[in-house]
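# Commentary on secondary and tertiary structure
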2 protein chains.
Amino acid sequence: MTLVAASQIAPVVGDVIENRARVRAALEEAAAQAADLVVLPELAQSGYVFKDVQEARSVAEHLDGPSVREWSDLSRRLQLVLVAGFCERGPDGHLFNSCVLIDHGQVRATYRKAHLWDRESEFFSRGHEGPPVVDTSLGRVAMMICYDVEFPEWTRMAGLGGADVLAVPTNWPLEARPEGERPMEVVRLQAAASANRMFVVAADRCGVERGVAWVGGSVILGPDGYPLAGPVAAEREQLLTARVNLHAARTKTISASNHVLTDRRPELYALLTRAHEESPASP
Amino acid sequence: MTLVAASQIAPVVGDVIENRARVRAALEEAAAQAADLVVLPELAQSGYVFKDVQEARSVAEHLDGPSVREWSDLSRRLQLVLVAGFCERGPDGHLFNSCVLIDHGQVRATYRKAHLWDRESEFFSRGHEGPPVVDTSLGRVAMMICYDVEFPEWTRMAGLGGADVLAVPTNWPLEARPEGERPMEVVRLQAAASANRMFVVAADRCGVERGVAWVGGSVILGPDGYPLAGPVAAEREQLLTARVNLHAARTKTISASNHVLTDRRPELYALLTRAHEESPASP
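Since the structure is predicted, the reported quantities are computational estimates derived from the model, not experimental observations. (Residues numbered from 1 in each chain as written. Chains lettered and ligands numbered in written order. Predicted model: local features only at pLDDT ≥ 70, side-chain atom pairs only at ≥ 80, totals over all residues.)

## Re the overall build of chain A
Worth spelling out the cut-off: The way it works is that DSSP assigns letters per residue, a run of H or I at least four long becomes a helix, a run of E at least two long becomes a strand, and they are numbered from the N terminus. All radius of gyration figures rest on C-alpha atoms, and the globule criterion is 2.2 Å times the number of residues raised to 0.38. We call a residue exposed when 12 or fewer other C-beta atoms sit within 10 Å of its C-beta, buried when the count reaches 20 or more, and partly exposed for counts in between; the C-beta positions come from the backbone. By the criterion used throughout, residues are in contact when their C-beta atoms, derived from the backbone, lie within 7 Å.
What chain A contains, in helices and strands, is 6 helices and 12 strands. At 18 Å, chain A has a C-alpha radius of gyration in line with the 19 Å of a compact globule built from 283 residues. With the C-alpha coordinates of chain A rotated into their principal frame, the extents come out at 55 × 50 × 45 Å. Among the 283 residues that make up chain A, the fraction classed as buried is 56%. The long-range share in chain A, meaning contacts at least 24 apart out of those at least 6 apart in sequence, stands at 69%.

Dropping the structure here:
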């Protein structure tokens, strides 16, 4: 059994030292509960609501910068796998909204957000690689960031890649929703979990930043799409945990004759890979 | 404005005369409320739980058979667009789990279920065409059937095809779910509606048939993914209606810089069209 955790914290925009301390505290709290896999929010190292590209540039770090180095040390010392978001300065100087997977001290993969939200394109270049699926010491862990999960193509690619669990560092800006309804961000993840029969661990943030509030919608979902912990749906720090058998995600059969992946009809899906054309009657 | 309706009825397996009467009554009830678009369940003409292929064959009808002919007459007389499921005998004698779209008396499209559930492959051949998107007198209506919607590829194809509304004739067998949770079938449709910013009208069935009970999960969803009517989630006949501006589904922008279709990265989605390969570590 594996103890998976989503750590909902409040990064502070522009303050990498403070954020490193908050991530450290969050990891130590999770380790105290014997967490094996800990997911932290998008841009946990830098905060989100940058004033301008200069501010983003000032906090960006290379993959071998001090934050990821410290996270690697913590991952080794606390004996866990972690996924967390950071503001990456690429080798060529471009910035990316990235996350990293570290397995007991070893950086196993980075991922650069491929679908950028709103003003992010002022700061970041888009990634050009699909979501990685990493065969870790715990099982196969995929990762993607925030708006990426609104593209069911992308979550399906994680499923097709064999993910047992999809780790989602996110920062979900709060929007109005009908009373009593779950945040649609959570609903979309429920659908992704069930369509692919994989676990999902999503770590949202909290802490109003330059007027932007957040859903605080961290959640842990089972392969049937139902919550194992959360959703929080509140702006407060929180550690969610669930004890799971990650290998349960390898069972893709859902009836005597049905399998969520082999029942696909990829020979009929060519439209999905075509460049977008306006629909005939679009305004 | 358009009044869309989902009619949850109880077809009787094998009794096409009775089913024709039930569909007629349902359409008249919807028309009495001035419905413009009415969606009826999967296999509304035949029932679902066939004993064997002989029974399925005995109730199958050609597209120009008596049921679709009567539905066309009703559609003309009641001045509405209808989508309903029937057991189709194809020109070559193969059976299909099909649905038809009839616009004020005119058969505009048929669709043959492409993803078959459980024992259906004993009775039916699979369709080989994507979901049609028909430019009707009301707006653009796409259709697909039941298990098809568990493939986010398929609902996306409807969205890419320009659907204002996705009509889903369905028969959802009842399965256990955690207390207080929505049926996952509805959750997946919510995600599909919001990912594609289209309306969804799903008509489930009721009426235990040979021991099979049903979710009774008919629902009408807005392009934000939230319910406008239902979900019923109970085994009883019910007519759901919602008055909507179908053209609202043509707005695909969700922020100053984001558009749910043009933000896609189709050049990165090639994996989706490849034949299935077992994941490296699958059991």
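Further notes follow.
## Things to note about helix α1 (residues 16-32) of chain A
Residues and elements named next belong to chain A. Quick note on the threshold: By this rule the span expected of a helix is its residue count minus one, scaled by 1.5 Å. Arc definition: it is the arc formed by the directions from the helix axis to the C-beta atoms.
For α1, with 17 residues, the first-to-last C-alpha span of 24 Å sits near the 24 Å given by 1.5 Å per residue. Of the positions making up α1, those classed as buried are Val16, Asn19, Arg22, Val23, Ala26, Leu27 and Ala30. Viewed end-on, α1 has its buried residues packed into an arc of 135 degrees, placing them on one side of the element. Of the exposed residues in α1, the ones pointing more than 90 degrees away from its buried face are Ile17, Glu18, Glu28 and Ala32. Ala34, located one to two residues past α1, shows a positive phi value of around 70 degrees.

## What to know about the sheet that holds strand β4 (residues 95-103) of chain B
Residues and elements named next belong to chain B. Operational definition: Any two strands between which DSSP finds at least two bridges are classified as paired. Geometry is summarised by axes, namely lines fitted to C-alpha atoms with helices restricted to the contacting stretch, and by angles between N-to-C directions that run from 0 to 180 degrees.
Strand order across the open sheet formed by 6 strands is β5-β4-β3-β2-β1-β12, with mixed pairing between neighbours. Two strands close off the open sheet at either side, each with one partner strand: β5 (106-112) and β12 (238-244). Taking the axes of each pair of neighbouring strands and ignoring which way they run, one obtains an average angle of 25 degrees across the sheet. Pairing of β4 with β5, which is carried by 6 bridges, proceeds in the antiparallel orientation. Bridging across to β5, Asp103 finds its partner in Gln106. Lying on the sheet, helix α1 (residues 16-32) is in contact with β1 (2-8), β2 (37-39), β3 (81-89) and β12; it crosses β1 at an angle near 150 degrees.

## Some words on the interface of chain A and chain B
The following threshold applies: Amino acids are sorted into nonpolar (Ala, Val, Leu, Ile, Met, Phe, Trp, Tyr, Cys and Pro), charged (Asp, Glu, Lys and Arg) and polar (every other residue, Gly among them).
At the interface, 55 residues of chain A touch 56 residues of chain B. With 7 residues, helix α6 (residues 184-196) of chain A is the single largest residue contributor to the side of chain A that touches chain B. By residue class, the composition of the side of chain A that touches chain B is 24 nonpolar, 16 polar and 15 charged.

## Some remarks on the relation of the copies chain A and chain B
Worth spelling out the cut-off: C-alpha atoms of residues with pLDDT of at least 70 in both copies form the basis for the least-squares superposition of the copies.
Structural alignment of chain A on chain B gives an RMSD of 0.0 Å, achieved by rotating through 180 degrees and translating 0.0 Å along the axis. The transformation just described matches what one would write down for a two-fold rotation axis. The overlap is high: 100% of the interface residues of chain A also sit at the interface in chain B, so the same surface is used on both sides.

## Concerning the environment of Leu40(B)
All names here are of chain B. Positionally, Leu40 belongs in the loop between β2 and α2 (53-59). On the basis of neighbour counts, which here come to 30 C-beta atoms within 10 Å, the residue Leu40 falls in the buried class. When near neighbours in sequence (up to four residues on either side) are disregarded, Leu40 contacts Ser7, Ile9, Val23, Ala26, Leu82, Val83, Ala84, Gly85, Pro169 and Ala203.

## What about the pairing of β3(B)?
Residues and elements named next belong to chain B. Taken across its 9 residues, β3 has 8 buried, putting it largely inside the fold. Pairing of β3 with β4, which is carried by 9 bridges, proceeds in the antiparallel orientation. By the bridge assignment, Phe86 is partnered in β4 with Ser98. Two successive antiparallel strands, β3 and β4, enclose a turn made up of 5 residues, where Gly93 displays a positive phi of approximately 90 degrees.

## Here's the deal with the nonpolar core
Our working rule: As used throughout, a nonpolar core is a set of buried Ala, Val, Leu, Ile, Met, Phe, Trp, Tyr and Cys residues joined through C-beta atoms within 7 Å of each other.
Judged by nonpolar contacts, the single largest core of 190 residues is most densely connected at Val165(A), Val200(A), Val201(A), Val165(B), Val200(B) and Val201(B). The contacts of Val201(B), once residues within four sequence positions are left out, are Val4(B), Ala6(B), Leu37(B), Val39(B), Val165(B), Ala167(B), Val168(B) and Ile220(B).

## A word on the sheet that holds strand β9 (residues 199-203) of chain B
Residue and element names in this part refer to chain B. Across the sheet, which stays open at both edges, the 6 strands sit in the order β6-β7-β8-β9-β10-β11 with mixed pairing between neighbours. Every interior strand has two partners, whereas the edge strands, β6 (133-135) and β11 (227-229), have only one. Adjacent strand axes in the sheet meet at a mean angle of 25 degrees, parallel and antiparallel pairs treated alike. Strand direction decides the pairing type here: β9 and strand β10 (residues 219-221), joined by 3 bridges, are antiparallel. Of the residues in β10, the one forming a bridge with Val201 is Ile220.

## A short note on the environment of Ala6(B)
Residue and element names in this part refer to chain B. Its place among the elements puts Ala6 in strand β1. For the pair Ala6 and Ala60, spaced 54 residues apart in sequence, the C-alpha separation works out to 24 Å. Excluding residues within four positions of it along the chain, Ala6 makes contact with Val39, Val201, Ala202, Ala203, Ser218, Ile220 and Leu240.

Just distances and angles here, no functional claims.
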